[in-house]
Amino acid sequence: MFLISILSLSFLLISLSRNINSRSLGTVIEIFFRDSETMEVHLKENMRIGSFSSLVLIVNFFISFALCNFIFFHRILLFDDGISLWLAFLTPLVLFTTETFGVFVAGLLSGESKRLSLVILNTLTISQFAGILFTLIALFWIMNPGADKLFLSLFLAIVALRELSRLLKSSISVLSGGIRWYYLILYLCTLEILPLFVVTV
């Protein structure tokens with residue numbers, strides 16, 4: 001019942017975003033496959049990143065990601081309800097905070113805060129897209145408890161896709177914006193790769 005309630009909330013958020021702006025879902029999907037140079041213009045024309053429909057999709061990212069995490073921790077790792085719930089919501093929060101705070105720190109170190117705004121924009125739009133995918137994965141995962149391995153693989157694939165696409169698009173936008181490459185390496189090593197390495201170990 002708990003899973004259905006959270007899933008219903010996720011679909012409610014997506015529906016709310018679409019009702020506010022009928023182009024919101026199409027914009028998020030299209031932005032994912034666009035390069036960073038045309039992304040800002042497309043967002044201004046269809047769905048500003050600070051609009052309510054956009055913010056609702058960001059909230060959905062946290063909800064849907066946490067839902068898939070809960071299924072993983074509770075159903076596969078067999079953690080109890082309290083620990084599963086705590087870890088489920090903590091994971092996307094820490095991940096998202098690290099990604100955005102990392103850009104802020106890199107901007108301070110390099111003096112290129114304005115140019116690095118595209119990196120944060122990439123993080124937001126890719127997270128919105130991933131949130132929609134997480135919702136769909138959660139729907140079928142809840143309906144098919146006997147296919148845990150399949151849906152776990154799909155879930156991890158989406159997480160990996162989000163991270164790789166975010167790093168790739170952000171790296172391209174940063175380098176094309178004229179920021180020196182060694183600042184990019186500093187950012188990647190200290191604020192992207194290192195946290196993931198620590199968590200893995």
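For the structure, see preceding data.
Note that the coordinates shown come from a computational prediction; the quantities given were computed from them, not determined experimentally.

Draft legend 1. Broad picture of the overall build of the protein. The helix and strand tally for the protein stands at eight helices and zero strands. The N-to-C order of helical and strand elements in the protein reads α-α-α-α-α-α-α-α. Within the protein, the proportion of its 201 residues that are buried is 44%. Sequence separation of at least 24 residues holds for 72% of the intrachain contacts in the protein that already meet a minimum separation of 6.

Draft legend 2. Structural context of the side chain of T27. Position of T27 among the secondary structure elements: in helix α2 (residues 24–32). Contacts of T27, omitting those with residues within four sequence positions, involve H42, L43, N46 and M47.

Draft legend 3. A look at the environment of F79. Within the secondary structure, F79 is located in the loop between α4 (52–76) and α5 (81–110). The exposure class assigned to F79 is partly exposed, which follows from its relative accessible area of 32%. In contact with F79, other than residues within four places in its own chain, are F73, H74, S84 and L87.

Draft legend 4. Looking closely at a nonpolar patch on the surface. On the surface, F11, L136, F140 and M143 cluster together into a nonpolar patch covering about 370 Å² of accessible area. The biggest single contributor to the nonpolar patch is helix α6 (residues 117–143), with three residues. Assignment of secondary structure puts F140 in helix α6. Under the relative-accessibility criterion, F140 is labelled partly exposed at 41%.

Draft legend 5. Representation of the nonpolar core within the structure. If you look at the biggest cluster of nonpolar residues, it comprises 28 residues, and the most contacted ones within it are L67, C68, F134, W141 and F155. Mapped onto this core, the elements with two or more residues apiece are α1 (2–20), α4, α5, α6 and α7 (148–176). The contact partners of L67, leaving out residues within four places of it in the chain, are L3, I6, L7, A138 and I142. Ranked by size, the runner-up nonpolar core spans nine residues in total, among them V28, I126, F129 and I132.

Draft legend 6. Region of interest: the packing of aromatic side chains. Counted according to the given criterion, the structure contains 15 aromatic pairs. With centroids separated by 5.5 Å and ring planes inclined at 55 degrees, the aromatic side chains of F61 and F65 adopt a geometry described as tilted. In this pair, F61 and F65 are both assigned in helix α4, four residues apart and thus about one turn of the helix distant. As far as burial versus exposure is concerned, F61 and F65 are alike and both buried. Consider the rings of W141 and F155, whose centres lie 6.1 Å apart with planes at 45 degrees: the pair is tilted. In this pair, W141 is assigned in helix α6 and F155 in helix α7, connecting sequence segments 14 residues apart. Pair check on accessibility: W141 and F155 agree, each one buried. Taken together, the ring pairs in this structure connect F61, F62, F65, F96, F134, W141 and F155 into an aromatic cluster.

So, how was this worked out
Residues numbered from 1 in each chain as written. Predicted model: local features only at pLDDT ≥ 70, side-chain atom pairs only at ≥ 80, totals over all residues. Heavy atoms only, no water. Helix = DSSP H or I, 4+ residues; strand = E, 2+ residues; numbered from the N terminus. Buried < 20%, exposed > 50% of the residue type's maximum accessible area, 1.4 Å probe, protein only. Contact = heavy atoms within 4.5 Å. Patch = residues over 30% accessible without salt bridge, like charges linked within 9 Å, V, L, I, M, F, W, Y side chains within 5 Å. Areas by Shrake-Rupley, 256 points an atom, 1.4 Å probe, with all protein chains shown as cover. Salt bridge = Lys/Arg side-chain N within 4 Å of Asp/Glu carboxyl O. Core = buried A, V, L, I, M, F, W, Y, C linked by side-chain atoms within 4.5 Å. Phe/Tyr/Trp six-rings, centres within 6.5 Å; stacked < 30°, edge-to-face > 60°.

Treat this as a map of the structure, not an account of what it does.
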